[in-house]
Amino acid sequence: MSAATPDPDQSESDNSAGWGDPTREARMRVEKSGLKVEVAVPSSQAPRLLATAVHVVVMIGVVLCPALTLRVIPPDFPTWATVAVIAGQIGLLGLVALVVRRPTGSAEGTRR
């Protein structure tokens, strides 16, 4: 097995910011003005962390997409078309959630 070695040309900005050694744990950081959230898990749990983050994005999207669509659609736009656009948005977000829940190809062969 090969070991990860730091790039000598790379600055130490990530390590000085508290990220530490990227091979020991998986971290996810979300920063916005006035808001800073960081989650760290063992590297073996990285797929679960990513799946959870995608599910959170999907849930936020299911709420925000229809609300934003209703704000930008003009009043004379046909009602059936508005419903179709919103249903398409929710369906696409549901498809993303299903794809994330699908087991990976390597783990699929071991399940029986």
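Residues numbered from 1 in each chain as written. Predicted model: local features only at pLDDT ≥ 70, side-chain atom pairs only at ≥ 80, totals over all residues. Heavy atoms only, no water.

(A) Examining the side chain of T69 more closely. Looking at where T69 falls in the secondary structure, it is placed in helix α2 (residues 46-72). Looking at T69, the relative accessible area reads 7%, which means it is buried. Within the structure, T69 has its side chain in polar contact with the side chain of Q89 (distance 2.8 Å). When near neighbours in sequence (up to four residues on either side) are disregarded, T69 contacts V85, I86 and Q89. (Helix = DSSP H or I, 4+ residues; strand = E, 2+ residues; numbered from the N terminus. Buried < 20%, exposed > 50% of the residue type's maximum accessible area, 1.4 Å probe, protein only. Polar contact = N/O pair within 3.5 Å; in protein donor to acceptor, adjacent residues only side chain to side chain. Contact = heavy atoms within 4.5 Å.)

(B) View of the pairing of strand β1 (residues 25-32). Pairing of β1 with strand β2 (residues 35-42) involves eight bridges; the strand directions are antiparallel. When the bridges of β2 are listed, K32 appears paired with L35. Hairpin connection of β1 to β2: two residues between the antiparallel strands, including G34 at a positive phi of 85 degrees. (Pairing = 2+ DSSP bridges.)

(C) Representation of the pattern of salt bridges. Per the stated rule, a full pass over the model turns up two salt bridges. Two residues, E31 and R29, come together in a salt bridge whose shortest N-O distance is 3.4 Å. Judged by its relative accessible area of 22%, R29 is partly exposed. Ionic pairing is found between R29 and E38, a salt bridge with its closest N-O pair at 3.0 Å. The network of salt bridges with common partners includes R29, E31 and E38. (Salt bridge = Lys/Arg side-chain N within 4 Å of Asp/Glu carboxyl O.)

(D) Looking closely at a nonpolar patch on the surface. Taken together, the side chains of V56, M59, I60, V62, V63, L64, L68 and I90 define a hydrophobic patch exposed on the protein surface, amounting to about 690 Å² of accessible area. Ranked by residue count, the leading element in the nonpolar patch is α2, at seven residues. Note that M59 resides in helix α2. (Patch = residues over 30% accessible without salt bridge, like charges linked within 9 Å, V, L, I, M, F, W, Y side chains within 5 Å. Areas by Shrake-Rupley, 256 points an atom, 1.4 Å probe, with all protein chains shown as cover.)

(E) Here's a closer look at the side chain of T82. Of note, T82 is situated in helix α3 (residues 79-101). Residue class for T82 comes out buried when judged on its relative accessible area of 12%. Apart from residues no more than four positions distant in its own chain, T82 is found in contact with L70, I73 and F77.

(F) Structural context of α2. If you check α2, its first and last C-alpha atoms are 37 Å apart, about what 27 residues at 1.5 Å a residue would give, namely 39 Å. Approximately 30 degrees is the largest bend angle found in α2, and it occurs at G61. Those residues of α2 not exposed but buried are L49, A53, V58, G61, P66 and T69. Along its buried surface, α2 packs onto β1, β2 and α3. (Expected span 1.5 Å × (residues − 1). Bend = angle between axes of the 7 residues up to and from the residue.)

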